[in-house]
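Here's the letter readout for the chains.
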Amino acid sequence: MLAAVLTVGVGLAGLIVALWRDMRAELRAVDTELRADIRAVRAAIDTDRLAHEALHAAERQIRVDERRELLAAIAAIREDAS
């Protein structure tokens, strides 16, 4: 009877250890996937941020160019008027 109890106990302990190792491996895999997803999201955010900054820089340059053209047109009108 004691041998049967010990056999069952050792078998259950082995099963628990095997399940724990499997669960730990799955948790590591999930952790690795999550970290990869986080890196991908951060990279996408950085890409979007750079595109946004480039858009603003282009808009600023357009305003500078438009202002320069307007000042040149005003100067030409004043020159023609005098």
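Everything below is about the structure shown above.
All of these numbers come straight from a predicted model, not from anything done at the bench. (Residues numbered from 1 in each chain as written. Predicted model: local features only at pLDDT ≥ 70, side-chain atom pairs only at ≥ 80, totals over all residues. Heavy atoms only, no water.)

**Student:** Describe the overall build of the chain, listing the residues and the values that go with them.
**Tutor:** Per the secondary structure count, the chain includes 1 helix and 0 strands. Taken over the C-alpha trace, the chain has a radius of gyration of 35 Å; the compact-globule value for 82 residues is 12 Å, which it surpasses by more than 25%. Of the accessible surface of the chain, which amounts to about 7600 Å², a share of 66% is contributed by carbon and sulfur atoms. Positive and negative side-chain charges of the chain, numbering 12 and 14 respectively, have mean locations separated by a distance of 9 Å. (Helix = DSSP H or I, 4+ residues; strand = E, 2+ residues; numbered from the N terminus. Rg over C-alpha atoms; globule rule 2.2 N^0.38 Å. Areas by Shrake-Rupley, 256 points an atom, 1.4 Å probe, with all protein chains shown as cover. Lys, Arg positive; Asp, Glu negative; His and termini not counted. Charge placed at Lys NZ, Arg CZ, Asp CG, Glu CD.)

**Student:** Let's hear about a nonpolar patch on the surface: which residues, and what values?
**Tutor:** On the surface, Val8, Leu12, Leu15 and Leu19 cluster together to form a nonpolar patch covering roughly 380 Å² of accessible area. Position of leucine 15 relative to the elements: it lies in helix α1 (residues 2–81). (Patch = residues over 30% accessible without salt bridge, like charges linked within 9 Å, V, L, I, M, F, W, Y side chains within 5 Å. Salt bridge = Lys/Arg side-chain N within 4 Å of Asp/Glu carboxyl O.)

**Student:** Account for the environment of arginine 49, naming residues and giving values.
**Tutor:** With respect to the element layout, arginine 49 can be found in helix α1. C-alpha separation for the pair arginine 49 and arginine 21, spaced 28 residues apart in sequence, amounts to 42 Å. One polar contact links arginine 49 to aspartate 46, side chain to side chain, over a distance of 3.0 Å. (Polar contact = N/O pair within 3.5 Å; in protein donor to acceptor, adjacent residues only side chain to side chain.)

**Student:** Tell me about the pattern of salt bridges, and please be specific about residues and values.
**Tutor:** Tallying each qualifying case throughout the model produces 3 salt bridges. Arginine 49 is the salt-bridge partner of aspartate 46, the closest N and O atoms lying 3.0 Å from each other. On the criterion of helical spacing, the pair formed by aspartate 46 and arginine 49 is a turn pair, its members being 3 residues apart in helix α1. Assessed through its relative accessible area of 45%, arginine 49 is described here as partly exposed. Across the pair arginine 68 and aspartate 65 runs a salt bridge, and its minimum N-O distance is 3.2 Å. Placement of both arginine 68 and aspartate 65 in helix α1 is noted, with a separation of 3 residues, approximately one turn of the helix. Classification of arginine 68 by relative accessible area gives exposed; the value is 52%. (Buried < 20%, exposed > 50% of the residue type's maximum accessible area, 1.4 Å probe, protein only.)

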